[in-house]
Amino acid sequence: MSEMTAGQTSRRSFLTNTGRVAGASALAGIALPPVHAASTDTIQVALVGCGGRGTGAAINALSVTNGPTKLTAMADVVPAKLNSSYDKLKSQFAGQVDVPPERRFLGFEAFKQAMDALKPGDVVILGTPPAFRWVQFSYAIEKGLHTFMEKPVTVDGPTTLRMLKLAEQADRKNLKCAVGLMVRHCRARQELLKRIQDGQIGDIVAMRAYRMGQGGGTAGPRPAGVSELTYQIQRFHAFLWASGGVFSDYYIHQIDECSWMKGAWPVEAHALGGRQYRGDSLDQNFDTYSVQYVYPDGTRLFFDGRNMKGCRDEFASYAHGSKGSAVISTLSHTPGMTRIYKGQKMPTVMSRTDLPLPADPNLVWAFPQPEKSPYQWEWDDLTDAIRQNKPYNEVKRGAEASLVASMGRMAAHTGRIVTFEQMLNCPHEFAPDVDKLTMDGPAPLKMGPDGKYPVPEPGIKIDREY
Ligand SMILES: NC(=O)c1ccc[n+]([C@@H]2O[C@H](COP(=O)([O-])OP(=O)(O)OC[C@H]3O[C@@H](n4cnc5c(N)ncnc54)[C@H](O)[C@@H]3O)[C@@H](O)[C@H]2O)c1
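Residues numbered from 1 in each chain as written. Predicted model: local features only at pLDDT ≥ 70, side-chain atom pairs only at ≥ 80, totals over all residues.

Trainee: Which residues make up the overall build of the chain, and what are the values?
Mentor: Secondary structure summary: the chain contains 13 helices and 15 strands in total. The globule rule puts the C-alpha radius of gyration for 466 residues at 23 Å, and the 22 Å found for the chain is close to it. Across its three principal axes, the chain shows a C-alpha extent of roughly 60 × 60 × 50 Å. Counting all 466 residues of the chain, 48% fall into the buried class. Put simply, of all contacts in the chain between residues at least 6 apart along the chain, 76% involve residues at least 24 apart. (Helix = DSSP H or I, 4+ residues; strand = E, 2+ residues; numbered from the N terminus. Rg over C-alpha atoms; globule rule 2.2 N^0.38 Å. Buried ≥ 20, exposed ≤ 12 C-beta atoms within 10 Å, placed from the backbone. Contact = placed C-beta atoms within 7 Å.)

Written as structure tokens, this is what we have:
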């Protein structure tokens, strides 16, 4: 990813050098087989995982303006999720939604049936919980499909190694693969990056990011009549095997955007965290996390996460340089509202009521508003790459971002310093048989005799998180 990280161990170079831009394919420059749709061809889309984000991604897929797209198959494990997604999409995009009942599939094999309904060069959306990413991506590669997959793309070391291999396989088939770290497609952040690289804030000496909100990631007692597996999947933020927990699922974006601005992945993390108010929740998360990520040149990213009612909220990322400072995120992921200030003082923007941005004598530059959503940009960029047959594979970068998130999470959960290499080579795979799950089979996480699921115990469980 970064010139700064080049020259370290060969594995590290392998992991860092090709993530520079979305199109940094290992096959760039080599004649590629034509697996793309001409600008007038209709790209067919299948939606696997018809929840909130999957449905949102389908809306973005059907909203691109660089050529026709059509939704032709859908898959989920929960009928109500598929039905409500279908109704919503059909009501908004009647002419572009052609998913008769025989192309609506249910169950753990449904993703295969939905992909079988496409032809090579079409696109599948993976909007399922992260645990299923490598399983479903493997099949998409086998079928010659381009993929849009949501983040995180891995939850632990073994799944990261697997995903890195799959990324290479996808490159060998010239498949275009997008990862839902949509901030990378935000034009305001791209402009900020250029300005940082031009030296407008000097050298980055520290970064700070905050994702502190009123709750999330809990799982109250299992309702009667719901299997343990369905319970865990439907509350996937609560269980580390399914999502990497709130740490991976919520915090990855800001850890990724800060690392992007810095031009490197952190080499190690140490972190604090604890559980105070879980009530009757059976989840495995902490309420608070505070992480210090260390970059190769010694620069730190200080990241605070909290899910706690009644406390001060903040959702923002900042970079501090030797000449000035920059705002990478304000109030949420979008709009970015990126800006640069002289010196280190910035006006406080804590809620939408503080908008429009206050005038400030130290303001040097701000990206003009309004901004187009990065959730739409990421689809415009993907379909453009498909139609123009440009190299486009974000999976390696997405796997690295997911690993860096896991590294901070494991540091908090174990109470130890965790390095990039240690996380990558940590043998604890949370759900090794996730590709063999059946609707009436057991869940990957077993409840203890006390009626609770195992949780991290820093200082006691130090080689694995639970
Ligand atoms: N980029 C972003 O800003 C953003 C925002 C929200 C969510 N996400 C990501 O999107 C993914 C989904 O999140 P969500 O909020 O839409 O969750 P959700 O629960 O609303 O949707 C997940 C859907 O997947 C289905 N599903 C679960 N396992 C399945 C399987 N094996 N096969 C087929 N379907 C299955 C569920 O029934 C559900 O309908 C997560 O990885 C999450 O991190 C990204």
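Trainee: Describe in detail the sheet that holds strand S7 (residues 204–213), supporting the description with residues and values.
Mentor: Strand pairs in the sheet, formed through backbone hydrogen bonds, run parallel or antiparallel to each other. Judged by pairing direction, the sheet is mixed, and its nine strands sit side by side in the order S14-S13-S12-S11-S7-S10-S9-S8-S15 without closing on themselves. The strands lining the two open edges of the sheet, one partner per strand, are strand S14 (363–366) and strand S15 (418–419). With three bridges joining them, strand S13 (residues 339–342) and S14 adopt antiparallel strand pairing. In the strand pairing of S14, Ile-340 is matched with Trp-365. The strands touched by helix H10 (residues 245–262) are S7, strand S9 (288–294), strand S10 (300–307), strand S11 (314–321) and strand S12 (324–330); relative to S7, the strand with the most contacts, the crossing angle is about 155°. (Pairing = 2+ DSSP bridges. Axes fitted to C-alpha atoms, helices over the stretch in contact; angles between N-to-C directions.)

Trainee: How would you sum up the site of the ligand? Please name residues and give values.
Mentor: Inspection of the region around the ligand gives 26 residues, with Gly-49, Gly-51, Arg-53, Lys-81 and Glu-150 positioned closest. Taken together, the elements giving at least two residues each to the shell around the ligand come down to helix H2 (52–62), strand S2 (69–76) and helix H4 (110–116). Ranked by residue count, the leading element in the shell around the ligand is H2, at three residues. Residue classes in the shell around the ligand are distributed as 13 nonpolar, seven polar and six charged. (Near = placed C-beta within 6 Å. Nonpolar A, V, L, I, M, F, W, Y, C, P; charged D, E, K, R; others polar.)

Trainee: Can you explain the domain arrangement of the chain? Please cite residues and give values.
Mentor: You can read the domains of the chain as domain 1 (3–183 + 376–394) and domain 2 (187–372). The gap between the C-alpha centroids of domain 1 and domain 2 is 25 Å. The partner domain 2 presents 22 residues to the 14 residues of domain 1 that form the contact. Looking at the side of domain 1 that touches domain 2 residue by residue, the class counts come to 10 nonpolar, three polar and one charged. (Domains from an automatic or database assignment.)

Trainee: Which residues make up the pairing of strand S8 (residues 268–274), and what values do they have?
Mentor: Side chains of S8 alternate between two faces, with Ala-269, Ala-271 and Gly-273 buried and Glu-268, His-270, Leu-272 and Gly-274 left unburied. Alignment of S8 against S15, held across two bridges, turns out to be antiparallel. Residue pairing across strands places Ala-269 opposite Val-418, the latter belonging to S15.

Trainee: Let's hear about the nonpolar core: which residues, and what values?
Mentor: One recurring pattern in soluble globular proteins is that nonpolar side chains are buried together. Formed by 107 residues in total, the largest nonpolar core has its most connected members in Ala-46, Met-74, Val-124, Ile-125 and Ala-319. A total of 10 residues in this core trace back to one element, the largest contributor, which is helix H12 (residues 395–414). Looking at which domains feed residues into this core, each of domain 1 (3–183 + 376–394) and domain 2 (187–372) supplies at least three. With near-sequence residues (within four places) excluded, Ile-125 lies in contact with Val-45, Ala-46, Leu-47, Val-48, Gly-54, Ala-57, Ala-58, Ala-61 and Phe-148. By size, the runner-up hydrophobic cluster in this structure holds 17 residues, among which are Val-155, Phe-236, Ala-238 and Trp-241. (Core = buried A, V, L, I, M, F, W, Y, C linked by C-beta atoms within 7 Å.)

Trainee: Describe in detail the pairing of strand S1 (residues 43–48), supporting the description with residues and values.
Mentor: Counting buried residues in S1 gives six out of six residues, a clear majority hidden from the surface. Side chains Ile-43, Val-45 and Leu-47 project from S1 onto one buried face, and the interleaved Gln-44, Ala-46 and Val-48 project onto a second face that is buried too. Handedness of the S1-H2-S2 crossover: right-handed. Looking at chain direction, S1 and strand S4 (residues 123–126) are connected through four bridges and run parallel. (Right-handed = clockwise from strand over helix to strand, strands pointing away.)

Trainee: Which residues make up the environment of Arg-103, and what values go with them?
Mentor: Structurally, the position occupied by Arg-103 is in the loop between helix H3 (79–92) and strand S3 (104–106). Note: C-alpha distance between Arg-103 and Ala-46 (57 residues apart in sequence) is 9.5 Å. Contacts of Arg-103, omitting those with residues within four sequence positions, involve Thr-72, Ala-73 and Ala-117.

Trainee: Go over unusual backbone geometry with me, naming the residues and quoting the values.
Mentor: Cis rather than trans, the peptide bond between Thr-334 and Pro-335 has omega equal to -5°. Take Pro-335: it is sitting in the loop between S12 and S13. Along the chain, Leu-355 connects to Pro-356 via a cis peptide bond; the corresponding omega equals 0°. Turning to its location among the elements, Pro-356 is positioned in the loop between S13 and S14. Despite not being glycine, Met-337 has its phi angle at roughly 50°, a positive value. For Met-337, the location among the structural elements is in the loop between S12 and S13.

Trainee: Residue-level account of H10, with values.
Mentor: Its 18 residues give H10 an end-to-end C-alpha distance of 25 Å, which sits within 8% of 26 Å, the value for a rise of 1.5 Å per residue. When the local axis directions of H10 are compared, the greatest deviation, roughly 55°, occurs at Tyr-251. Within H10, 18 of the 18 residues are buried, which leaves the element mostly enclosed by the surrounding structure. Within two residues after H10, Gly-263 carries a phi angle of roughly 80°, on the positive side. (Expected span 1.5 Å × (residues − 1). Bend = angle between axes of the 7 residues up to and from the residue.)

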